[in-house]
Amino acid sequence: MIDREILLEKMKTSPYKPMRGKIIEARMLTDKEKFFRIQLEGKINLGHEPGQFVMVSIFGYTEAPISICSSPTDKGFFDLTVRNVGVFTNKLHTLNKGDIVGIRGPFGRGFPIDHMFGYDIVIVAGGLGIVPLRSLIRYITHNKNDFGNVWILVGCKTPAELLFKEETEEWMERSEIKINCTVDRADADWHGNVGLITTLIPGVDINPARTYAVVVGPPIMYRFVIAEILKKQIPEYQIIVSLERRMRCGLGKCGHCQIEGVYVCQSGPVFNYAQLKDFKGECHEKAV
Amino acid sequence: MKYASIKKEDLNIWLEYLSGRARLYAPRKKENLFVFRPVKDISEIALKYIPTILPPKKYYFPQKEKLFKFKIRPFKTAKAIKEFEDFILFAVHTCDIAGIQCLDVIFRESPEDPNYLNRKEKMIIIGIECLEYCDKHANCTSMGNHVPRGGYDLMLVDIGEKFILHINSEKGEKLIRGLTYIKEANDADMLSLERVREAKKKIFKEELNGSLAKIYETFDRHFASPIWQDVGRRCVACGNCTSVCPTCYCFDTSDEMKLSLNEGMRYRIWNSCQMEDYAKVAGGEDFRKGRDSRQRHRYYRKFKYPVDKFNRYFCTGCGRCTRTCMAEISLIETVNSLLAAESGTPERPSASGVAERGEAK
């Protein structure tokens, strides 16, 4: 329905204009990933759900969609963790405490927290997948009594690539969260598991009907992880995935993020497996 | 008065009047093709034309559009366009009006796009009904866009000595109010209009070998069809088909800096799903690798996805993509081959539940 009054009002402002975000903390987490803590003007909260993203602007370099890696329960700021992979992120990595970026958002749908109350949660993070999942993990640690048992399975190529090391150790100390890490290739200091993340899944003891599995990582990883989780009999709509896509607007217009008729920036980036499995092509999200 | 009429000899007087009211854009000849241009000389306006190289989209969704001004130090953003100007699109074909209606749906959908809405607010559309085919590439009849279906302020129909004017909005009414040479249509005029429409029925026949419902169903089932590989093999990924499409609206953004390197402008620029990097992410994953999957995506964005979402086909039948294609990929041909492939496969059990046993694969 078109309400002219409302339309006329909306025509006065632009959703393309970013807010001012000040970097209040910046540090390298590994040699490729940098962590940023950002404060909006007036220290207002971003008001996001875990799993949502923002469009980060650097004037002269346009914009990129970046996952928010802090929880809405972290007040007065929000966190981003960015890998240096292209022109935009390269520039972003040169920014430090006190520098200003543009922020639009939050955009999309986050993890279905409201549906996950009272369930056991299995979080599976592959590589950079831990970044959006950190928002969920922090949310759960701040609201632990809402959830059942929580497993966190983290995998990456080498121990040097492991993100949020200190935080992971803190999570490990908490008795109500079980955390397990694995690397593809160990180094001399590594005492944990070695092997693909899929090897950790059979060991998780769950009641599938009462469990949500949240899987984030590169397509090659979650295809195999989902196949493994499906073996555990977790219902398809309780398997949650977050997708990465090229995005230029965040508003469901520019077209880049589309999978078939779905705009990932608006309907995603978080989907459940039941939503994804029927996509005929164009995405690598199908379990093998 | 809902229908008015104007004598052909008075048309130029009216056009003079219109050009004084707002900026007037109309089609005119450019070499052997046609283009929409600001009207400088009324005698140059072409009333009979094959669809212009670019649809009038360039005026309400410009190829390069200012989004906002910015300053790096101190961080500041500002409106890029202070005021949008009134303009009249004159002699727009019904297929292109259908294209405008498609973009209306897209940009009105929440979150609304203020740039488009502001331009649309200032736009007046005066259409002209085609009484014969522009050329063999049009499939407007199959899409139901060969006759006016709203979306305009005024619609001109040539009935011989006169044009009938269908008044479809307050904005349109204002453009003819108080003009002595535009009169309320009389019974004879209305009879002529009826005759013209009758005659049209004999000329305009469905160009695609199946109803829209059938086409939709066919697309639903032929995602993996080898036809897409064939189209992909011929496609050169130039993106012409999307540039000329009245319902393509994908864009990219770009920042342009002033010499000071402290101030600049963010633009949005038409982009094409046919481009190689269109769905590629920074890490290198490409979600629509191959020209076949990108061409298929374009077709599905006309005949399947928008139907699911808005119950609207995003092909207007203008035929531009076929006309402009360097590899001679024809939309009519592609859709008809899909339909042929569909009718060649065993029928599915009918809705009434009477299944042809043993025929299903």
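## So, the overall build of chain B
Looking only at helices and strands, one finds 14 helices and 12 strands in chain B. For 361 residues, the compact-globule formula gives about 21 Å, and the C-alpha radius of gyration of chain B, at 23 Å, lands near that figure. Expressed along its principal axes, the backbone C-alpha trace of chain B runs to roughly 70 × 65 × 40 Å. Taken over 361 residues, chain B has a buried fraction of 41%. Put simply, of all contacts in chain B between residues at least 6 apart along the chain, 71% involve residues at least 24 apart.

## Structural notes on the domain arrangement of chain B
All names here are of chain B. Along its sequence, chain B is carved into domain 1 (3–54 + 80–203) and domain 2 (212–250 + 276–342). Taken together, the 19 residues of domain 1 in the interface contact 18 residues of domain 2. The element best represented in the side of domain 1 that touches domain 2 is helix α3 (residues 94–108), accounting for 8 residues. For the side of domain 1 that touches domain 2, the class distribution of residues is 12 nonpolar, 5 polar and 2 charged.

## Points about the confidence of the model for chain A
Considering every residue of chain A, the mean pLDDT works out to 93; 97% of them sit at 70 or more. Taking the mean pLDDT of every element in chain A, the minimum, 82, falls on helix α1 (residues 4–10) of chain A and the maximum, 98, on strand β2 (residues 33–40) of chain A.

## Looking at the interface of chain A and chain B
Bring the parts together and some accessible area is lost; that lost area is often taken as the interface size. With 36 residues of chain A in contact, the opposing surface of chain B contributes 40 residues. Per-class residue counts for the side of chain A that touches chain B are 14 nonpolar, 10 polar and 12 charged.

## Regarding the domain arrangement of chain A
Residues and elements named next belong to chain A. Here chain A is partitioned into domain 1 (4–106) and domain 2 (113–276). Just the C-alpha atoms count here: the centres of domain 1 and domain 2 sit 22 Å apart. Counting from both sides, the interface comprises 22 residues of domain 1 and, opposite them, 19 residues of domain 2. Those elements that place two or more of their residues in the side of domain 1 that touches domain 2 are β3 (53–57), β4 (63–67), β5 (78–83) and β6 (100–107).

## Some details on the sheet that holds strand β9 (residues 162–167) of chain B
Adjacent strands of a sheet form backbone hydrogen bonds with each other and so pair up, either parallel or antiparallel. Residues and elements named next belong to chain B. Judged by pairing direction, the sheet is mixed, and its 8 strands sit side by side in the order β3-β2-β6-β7-β8-β9-β1-β10 without closing on themselves. Taken across any chain shown, the strands that pair with only one partner, and hence form the sheet edges, are β3 (33–38) and β10 (182–184). Direction aside, neighbouring strands of the sheet carry axes that sit 25 degrees apart on average. As paired strands, strand β6 (residues 87–92) and strand β7 (residues 123–128) are joined by 5 bridges and run parallel to one another. Each residue of the ladder has a partner; that of F90, found in β7, is I126. Relative to the sheet, helix α7 (residues 187–203) contacts β1 (3–7), β8 (154–158) and β9, its axis offset from that of β9 by approximately 90 degrees.

## With respect to the sheet that holds strand β7 (residues 120–126) of chain A
Residues and elements named next belong to chain A. Read from one edge of the open sheet, 7 strands run β10-β9-β8-β7-β11-β12-β15, paired in mixed fashion. The open sheet terminates on both sides in strands that have one partner only, identified here as β10 (193–194) and β15 (270–272). By the bridge criterion, 6 bridges tie β7 to strand β8 (residues 150–156) in an arrangement that is parallel. Bridged to G126 within β8 is G155. Sheet strands in contact with helix α5 (residues 165–173) are β8 and β9 (177–183), and its direction is about 135 degrees off that of β9.

## Description of helix α4 (residues 114–121) of chain B
Where α4(B) is concerned, the buried positions are P114(B), N115(B), Y116(B), R119(B) and K120(B). In this fold, the buried residues of α4(B) make contact with α1 of chain A together with α2 (57–60), β4 (64–71), α3 and β7 of chain B.

## Observations regarding the pairing of β4(B)
Residue and element names in this part refer to chain B. With 7 bridges connecting them, β4 and strand β12 (residues 263–270) associate as antiparallel partners. If you follow K64 over to β12, its bridge partner there is I269. Sheet analysis places β4 next to strand β5 (residues 76–79), joined by 4 bridges and oriented antiparallel. Each residue of the ladder has a partner; that of K69, found in β5, is A78. The loop that links β4 with its antiparallel partner β5 comprises 4 residues.

## Notes on unusual backbone geometry
Residue and element names in this part refer to chain A. Here the residue pair G105 and P106 is connected by a cis peptide bond, since its omega of 5 degrees sits within 30 degrees of zero. When you line up the elements, P106 lands in strand β6. For the peptide bond that leads from G268 to P269, omega is 5 degrees, which places it in the cis range. Mapped onto the elements of the fold, P269 is located in the loop between α7 (264–267) and β15. Phi is positive for F164, which is not a glycine, with a value near 50 degrees. Within the secondary structure, F164 sits in the loop between β8 and α5.

## Brief notes about the environment of I164(B)
All names here are of chain B. Relative to the assigned elements, I164 resides in strand β9. Look at I164 and you get buried, because 20 C-beta atoms sit within 10 Å. Sequence separation of I164 and C318 is 154 residues, and the distance between their C-alpha atoms is 23 Å. What I164 contacts, discounting residues up to four positions off in sequence, is Y3, S5, V157, I159, A185, D189 and L193.

## A short note on the nonpolar core
Where a protein is soluble and globular, its nonpolar side chains tend to be buried together. Formed by 163 residues in total, the largest nonpolar core has its most connected members in I121(A), I123(A), A213(A), V214(A), V215(A), V241(A) and I126(B). Broken down by element, the residue count for this core peaks at 8 residues, all from α3(B). Not counting residues up to four positions away in its chain, the partners in contact with V214(A) are F111(A), I121(A), I123(A), L133(A), L136(A) and I240(A).

## Thoughts on helix α14 (residues 331–344) of chain B
Helical geometry: 3.6 residues make up each α-helical turn, so side chains three or four residues apart lie on a common side. Residue and element names in this part refer to chain B. Across its 14 residues, α14 extends 20 Å between first and last C-alpha, which sits within 8% of the 20 Å expected from 1.5 Å per residue. Listing the buried residues of α14 in full gives L331, V335, L338, L339 and E342. Projected down its long axis, α14 carries its buried residues within an arc of 100 degrees, all on one side. Elements in contact with the buried residues of α14: α8 (212–221), α9 (226–234) and α13 (320–324).

## Quick word on the pairing of β7(A)
Residues and elements named next belong to chain A. β7 sits mainly inside the fold: 7 of its 7 residues count as buried. Neither face of β7 is left uncovered, since the one carrying D120, V122, V124 and G126 and the one carrying I121, I123 and A125 both have all their residues buried. Bridge analysis of β7 against strand β11 (residues 211–216) gives 6 bridges, and the strand direction is parallel. By the bridge assignment, D120 is partnered in β11 with T211.

## Thoughts on the packing of α9(B) against helix α11 (residues 291–303) of chain B
All names here are of chain B. Between α9 and α11, whose axes approach to 7 Å, the crossing angle comes to 110 degrees. In terms of orientation, α9 and α11 fall into the roughly perpendicular class. Judged by residue contacts, W228, Q229, V231 and G232 of α9 engage R291, D292, Q295 and R296 from α11. Partitioning the contact of α9 with α11 into residue classes produces 2 nonpolar, 3 polar and 3 charged.

Cut-offs applied
- Residues numbered from 1 in each chain as written.
- Chains lettered and ligands numbered in written order.
- Predicted model: local features only at pLDDT ≥ 70, side-chain atom pairs only at ≥ 80, totals over all residues.
- Helix = DSSP H or I, 4+ residues; strand = E, 2+ residues; numbered from the N terminus.
- Rg over C-alpha atoms; globule rule 2.2 N^0.38 Å.
- Buried ≥ 20, exposed ≤ 12 C-beta atoms within 10 Å, placed from the backbone.
- Contact = placed C-beta atoms within 7 Å.
- Domains from an automatic or database assignment.
- Nonpolar A, V, L, I, M, F, W, Y, C, P; charged D, E, K, R; others polar.
- pLDDT = per-residue confidence, 0-100.
- Pairing = 2+ DSSP bridges.
- Axes fitted to C-alpha atoms, helices over the stretch in contact; angles between N-to-C directions.
- Core = buried A, V, L, I, M, F, W, Y, C linked by C-beta atoms within 7 Å.
- Expected span 1.5 Å × (residues − 1).
- Arc of directions from axis to C-beta.
- Parallel < 35°, antiparallel > 145°, perpendicular 65-115°, else oblique.

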